Amino acid sequence: MSPAPDPTTHPGGGLAVEFTDAVAIVGGFPVLAGANFHVRRGEIVLLHGPNGAGKTSLLRLCAGLLPLERGQARVLGLDLVRQRADVRRRVGLLGHGNGLYVDLTVSENVAFWGATVGAGAGEIAAALVRMGLDGRLATVAVGRCSAGQKRRTALACLVVRRAELWLLDEPHASLDAVARDELDDLLRKAAAAGATVIVASHETERAAPLATRQLAVAGGRVVDDTPSPGVGRGT
Amino acid sequence: MAPDHSVAGAIPPWRLAWLIALKDLRIEARSRVVVYQVLPFAVIVMVMFGFALDDDGIAQRVAPGLIWLATLFSLLVVVQRSFAVEAADGALDALRVAGVDAVSIFLGKALAMAAQLVVLELVLFVTAVVLYGPRVRPGGLALLVVTWVLATIGLALVGTLYGGLTAGFTGRETLLPLLVLPVVAPVLIGATRAVESALGTTGAAVSEGWPWIGLLTVFAGAFGVGGSLAFGPLIDE
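Residues numbered from 1 in each chain as written. Chains lettered and ligands numbered in written order. Predicted model: local features only at pLDDT ≥ 70, side-chain atom pairs only at ≥ 80, totals over all residues. Heavy atoms only, no water.

Undergrad: Explain the pairing of strand β1 (residues 15–26) of chain A here, please?
TA: In summary, the side chains of a regular strand alternate between the two faces of the sheet. Residue and element names in this part refer to chain A. Relative to strand β2 (residues 29–40), β1 runs antiparallel, the two sharing nine bridges. In the sheet register, Val26 faces β2, and the bridge partner there is Phe29. Adjacent in sequence and paired antiparallel, β1 and β2 are bridged by two residues, among which Gly27 carries a positive phi angle near 60°. Pairing between β1 and strand β4 (residues 70–75): five bridges, direction antiparallel. Its bridge partner lying in β4, Thr20 is registered against Gln72. (Pairing = 2+ DSSP bridges. Helix = DSSP H or I, 4+ residues; strand = E, 2+ residues; numbered from the N terminus.)

Undergrad: How should I be thinking about the side chain of Glu196 of chain B in this particular structure?
TA: All names here are of chain B. Topologically, Glu196 is positioned in helix α8 (residues 185–199). Judged by relative accessible area, which is 10%, Glu196 ranks as buried. Among residues more than four places away in sequence, those in contact with Glu196 are Arg61, Pro64, Thr201 and Thr202. (Buried < 20%, exposed > 50% of the residue type's maximum accessible area, 1.4 Å probe, protein only. Contact = heavy atoms within 4.5 Å.)

Undergrad: How should the pattern of salt bridges be read in this particular structure?
TA: Where side chains of opposite charge bring their charged atoms close, a pairing between them can arise. Taken as a whole and judged by the stated rule, the model has 25 salt bridges over all chains. Put simply, Arg162 of chain A and Glu123 of chain A hold a salt bridge, and the shortest N to O gap is 2.6 Å. Residue Arg162 of chain A is found in the loop between α5 (147–160) and β7 (165–169), and its partner Glu123 of chain A is found in helix α4 (residues 121–130); the two are separated by 39 residues along the sequence. Accessibility expressed as a relative area gives 8% for Arg162 of chain A, which makes it buried. For Glu86 of chain B, the salt bridge identified is with Lys23 of chain B, shortest N-O distance 2.5 Å. Here Glu86 of chain B, found in helix α3 (residues 56–87), pairs with Lys23 of chain B, found in helix α1 (residues 13–31); they are 63 residues apart in sequence, far enough to count as distant. Considered together, Glu86 of chain B and Lys23 of chain B belong to a single accessibility category, that of buried residues. What you see here is one network of salt bridges that share partners, running through Arg60, Arg84 and Arg88 of chain A together with Asp93, Arg96 and Asp236 of chain B. (Salt bridge = Lys/Arg side-chain N within 4 Å of Asp/Glu carboxyl O.)

Undergrad: Quick question: what am I supposed to make of the environment of Gly118 of chain A here?
TA: Of note, Gly118 of chain A is situated in the loop between α3 (106–115) and α4. Residues Gly118 of chain A and Arg161 of chain A lie 43 residues apart in sequence; the distance between their C-alpha atoms is 8.7 Å. Leaving out residues up to four positions away in the same chain, Gly118 of chain A has contacts with Arg162 of chain A together with Ile11 of chain B.

Undergrad: Quick question: what am I supposed to make of a nonpolar patch on the surface here?
TA: Residues and elements named next belong to chain B. Residues Val136, Leu141, Val145, Val149 and Ile153 make up a contiguous nonpolar surface patch of roughly 380 Å² in combined accessible area. You can see Val136 is positioned in the loop between α5 (102–132) and α6 (141–166). Its relative accessible area of 34% is what places Val136 among the partly exposed residues. (Patch = residues over 30% accessible without salt bridge, like charges linked within 9 Å, V, L, I, M, F, W, Y side chains within 5 Å. Areas by Shrake-Rupley, 256 points an atom, 1.4 Å probe, with all protein chains shown as cover.)

Okay, here's the thing in structure tokens:
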């Protein structure tokens, strides 16, 4: 197992995410109420907190899916308000939905998302192999796949899109033990290759060993920022 | 190895629109919703009109209007299906996060919708000919084809725009007809008058149909430009 990368030595350097007093409002309700936090490039950060704390909203704001009402937010060095389209091209969000087309096959889904960034056939095939989706499974319609297979397909789409910032909301949900281990391995490799990963999860025991830091979210704010016990161990 | 992001965002918008259109048509080819559900629905509507009118003379005279009315009803089903596949598993959000230009999404989905409408209209026209007996007049074919093309483009653009607007709403199934049907009234009027002239069902000359082409052109142009500008903010809200 490769060790977790030291984010300060990442060639890109700097911060992947920097929020200052970030406020986001949905339906008149402040889902983020002055969030302050930063994530360095190459880090794997775990967001945890109770339901309704603002974890998903924080990920959606990072992805440019929620408007920033007040405060400042920079993602991958880009202003989230003025350069939202550029931010979106460089992040990948795996939320409660998988973002897949159930009538298309696994390989057609991965090929479609790959094509949106100009990925070649080799890159698409490599993403399928990396997520264990090659062979017969590649030709199965996503609607006929198990929940875990759908999740793996969604992750393959993220891989083939070459996202620099991975935003994962409960990524271990619906995965069996083997698939969970594969996911953890994939996330470590992605971070080692230069990607930044933010994981929102209730399963802190599972996700904490992956992370370099843990951020506790409550009431639309980041209320605690602690190094993860998994730092440097890569286990 | 660091990920290569050098080509991200370098895909031309027209290429992305084409990808989205192909994806939508591939989904239709797999699911056959238009073939197995929308087409039979449209034909049944035409047959029911025939029962309701129960007079060959009246049915032949109003056949052009019936074709377009059946097309409008079918359009609503096609639009809802087109956006249901995006909403089902969060794919529309994924498209937005992927940085796919909203104009590309708009034009791609409209293109796929137009392709499906063309097939639908062809079937409806043949059904009308079989049931009601109208015939294309000499010199009317060009008018018929131009009307067909422009009306289809206009309907596909409006359908895509309002489909995007209602995609995130609860109760979108009922909201969509309320929003779309009044807006497409100019297409219904213009296309019906033009086809009446092409078929001679009301005694109008073929030349009387061409001015309606202007209305259809303006309509398609306005919704092409307006839709391209408005679609991004609409799906972002």
